[in-house]
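Here are the chains, one letter per residue:
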Amino acid sequence: QVQLAESGGGLVQAGGSLRLSCAASGGTFSRDTMGWFRQAPGKERELVAAIRWSGSSTLYGDFVKGRFTIFRDNAKNTVYLQMNSLGPEDTAVYYCAAGAFSSYSAQYDKWGQGTQVTVSS
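Residues numbered from 1 in each chain as written. Predicted model: local features only at pLDDT ≥ 70, side-chain atom pairs only at ≥ 80, totals over all residues. Heavy atoms only, no water.

A. Quick peek at the pattern of salt bridges. Taken as a whole and assessed by the stated rule, the structure comprises five salt bridges. A salt bridge links Glu46 to Arg38, with the shortest nitrogen-to-oxygen separation between them at 2.9 Å. On the accessibility criterion, Arg38 (6% relative accessible area) is buried. Measuring nitrogen to oxygen at the nearest pair gives 2.8 Å for the salt bridge that ties Asp90 to Arg38. Here Asp90 is found in the loop between β8 (78–83) and β9 (92–99), whereas its partner Arg38 is found in strand β4 (residues 33–39), with 52 residues between them in sequence. Judged by its relative accessible area of 0%, Asp90 falls in the buried class. Shared partners join several salt bridges into a network, and the residues in it are Arg38, Glu46, Arg67 and Asp90. (Salt bridge = Lys/Arg side-chain N within 4 Å of Asp/Glu carboxyl O. Buried < 20%, exposed > 50% of the residue type's maximum accessible area, 1.4 Å probe, protein only. Helix = DSSP H or I, 4+ residues; strand = E, 2+ residues; numbered from the N terminus.)

Pasting the structure below:
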């Protein structure tokens, strides 16, 4: 069974950067896609970015606006989320997920525990 472990969250000032990592094990390639979602208190979980294990297809949430990049290292079974130009509105718990290539969280059936990203102004 696939297991996902996020890391790299933390506290940064507005305008700063973070790189999140998600290490996958136990059946990574049984699912087409790895995604990053985020959830802030009182808000719904929303897509940040998604990428297929194969090929170059990616998805990004509308709020990303070129600031974030998702990429993968298949040899390490790891996906990354590079986040630049962070603002307080990006504060949330960020979750790694495995599933189908989709913008919808319901299409992902394996989830990591989440990593907190806090952006101060």
